[in-house]
Amino acid sequence: MTPSKLLTQKLIYSLLAGAAALSITACTNSNAKDENGQILFESTEIASFNEPWAMTFLPSKSTEALITEKGGKLLLFEDGGKTSEVSGVPEVDYGGQGGLGDIILSPNFVEDSTVYLSWAEAGENDTRGAVVGMAKLNRDGSPKLEDLKIIWSQYPKVKGRGHYSYRLAFSPDSKYLFIGSGERQKFDPSQDMDSNMGKIVRLYPDGSIPKDNPFYTEGNEVRSQIWSLGHRNILGIAFDDNGQLWNHEMGPAHGDEVNLVKSKANYGYPIVSNGDHYDGRDIPDHGEGDGFIAPKVFWNPTLAPSGLIAYNGDMFPEWKGSLILGGLAGQALVRLEIDGEKLTKADEWPMDARIREVEQGPDGALWVLEDGEGAKLRKLTPTE
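All values reported here derive from a predicted model rather than from experimental measurement.

A. Focus on the side chain of R167. Note on placement: R167 falls in strand β13 (residues 165-170). R167 gets classed as buried once you look at its relative accessible area, which sits at 5%. Of the polar contacts made by the side chain of R167, one reaches the side chain of D102; its length is 3.3 Å.

And the structure:
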C-alpha cells in the first residue's frame with residue numbers, strides 16, 4: 001500500500017488538433033486555469049495495486065470502491081486508502097490479457113447488493129473464454145461474494161489468452177446489460193454470426209435474451225445475443241447522458257477507434273480498419289459505401305485505449321457531456337467532445353504511465369488506475 005501522497009505537478013491539457021505538443025508544468029500554486037484558459041488539475045496518489053483492471057464506486061457517504069486485480073483478487077477500497085480482500089471470487093484463468101476483468105453494480109444495488117463481474121475461464125484442451133457472473137456482496141463481517149452464478153459465456157472457447165474484452169455496462173433505463181466481447185485474436189469470429197466473439201451483446205440483467213434483439217433467432221442462443229458486430233478488442237463501453245452507447249477498441253497495428261454503437265450495425269473488422277495487420281499486411285480503410293460503420297474518431301499511431309466514462313460531474317463542469325478514456329501505449333488521459341452523433345478529439349493529458357481504468361467519483365473527481373505491478377490509483381481534482 002502506497003501512502004497518500006500529493007503530487008505537486010499540475011497537468012495542463014493541450015488540444016489534440018494536429019500533433020499539438022503536450023506539457024506538464026511543475027508549480028505549487030496556480031489558478032484553476034492558466035492564462036490561455038486551459039484547465040489545471042492535481043493528481044493525488046491514493047494507493048497502489050498489482051495489475052488492477054477495473055473499479056466501480058459503491059453508493060456510500062464515504063468513498064468506497066471495488067477494484068479488480070487481473071490475478072484474481074477483488075478488493076474493497078475505503079476512504080483513506082484502506083483495502084480489504086473480498087472472498088468468494090471465482091477461479092480465473094490468469095495469463096496474457098486474461099484473468100479477473102470488469103466489475104459493475106446492479107442498477108438496484110442499494111436494494112439487492114448485486115454485482116456483475118467478468119473473468120477468463122478455462123475450458124477443455126487448452127482453451128478458454130470470457131464469462132460474466134452475478135453475485136451478492138455481503139459486507140456483514142469480512143466482505144464476500146455469495147450465490148455467484150454465471151449468466152453469459154463467450155462461444156466458442158478457443159486457444160490463446162488475448163482479446164477477451166469483457167467490459168460491462170447497463171443501459172440508462174437499467175433494463176439491459178451490454179457486454180463487450182473481443183474476437184480473441186482470431187479475426188474471423190467478428191463477422192461470424194454463430195459466434196458471440198467480436199460482438200457487443202445485449203441481455204436482460206439475469207442473462208436471458210431480449211426477443212427484440214436485432215438478430216433474435218428461436219433456437220440459436222448465440223446469434224440471438226448479438227447487438228452489433230465487426231468489433232476487435234473492446235476495452236471500454238459507456239452510455240452518455242442522451243442514452244447513446246459508445247465503445248472504444250484497439251485496432252490491429254494502430255487504427256484504435258471509438259464507435260457510436262447501434263443495433264444491428266457492423267463496424268467492419270477484420271474486413272476494414274484504419275490500422276493494418278501486425279505482420280505488415282494491409283487492411284483496407286473504411287470507405288464510403290463499403291457497407292460498414294466507420295469510427296467517429298480513430299488514432300494512428302496507436303493510443304491503445306482502455307477504460308471509458310461519459311463524464312457528468314460538477315467538479316469539472318467544462319467537461320460535462322464528454323467521453324474520457326485512458327491510454328495504455330499512449331500513457332495519457334484523453335477527452336472527447338460529444339455533439340449529437342459527432343465526436344471530436346478535444347484534450348490529451350500526459351500521465352507518464354499506462355492508464356488502465358478511468359472512473360468518476362461520487363463528488364465528480366476523476367479517478368484513474370495505472371496498469372501493471374505496483375500500479376497507482378490516482379485522484380484528479382482541479383487546482384485551487
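B. Just the pairing of strand β22 (residues 322-327), in detail. Burial analysis of β22 places six of its six residues in the buried class, the great majority of the element. Along β22, one buried face is formed by S322, I324 and G326 and the opposite face, lined by L323, L325 and G327, is buried too. As defined by bridge partners, strand β21 (residues 305-311) adjoins β22 across six bridges and the pair is classed as antiparallel. Counterpart to Y311 in the pairing with β22 is S322. Relative to strand β23 (residues 332-339), β22 runs antiparallel, the two sharing six bridges. Among the inter-strand pairings, L323 is bridged to a residue of β23, identified as L336. Here β22 hands over to β23 after four residues, with Q331 in that stretch at a positive phi of 45°.

C. How the structure looks around the sheet that holds strand β10 (residues 114-122). Judged by pairing direction, the sheet is antiparallel, and its four strands sit side by side in the order β9-β10-β11-β12 without closing on themselves. Looking at strand neighbours, the two that pair on one side only are β9 (100-105) and β12 (144-153), the edges of this open sheet. Pairwise comparison of adjacent strand axes, ignoring direction, gives a mean angle of 25° for this sheet. As paired elements, β9 and β10 share four bridges and run antiparallel to each other. Across the sheet, residue L100 finds its bridge partner in β10, namely W119.

Calculation notes
- Residues numbered from 1 in each chain as written.
- Predicted model: local features only at pLDDT ≥ 70, side-chain atom pairs only at ≥ 80, totals over all residues.
- Heavy atoms only, no water.
- Helix = DSSP H or I, 4+ residues; strand = E, 2+ residues; numbered from the N terminus.
- Buried < 20%, exposed > 50% of the residue type's maximum accessible area, 1.4 Å probe, protein only.
- Polar contact = N/O pair within 3.5 Å; in protein donor to acceptor, adjacent residues only side chain to side chain.
- Pairing = 2+ DSSP bridges.
- Axes fitted to C-alpha atoms, helices over the stretch in contact; angles between N-to-C directions.

Don't take any of this as a statement about function, it's just geometry.
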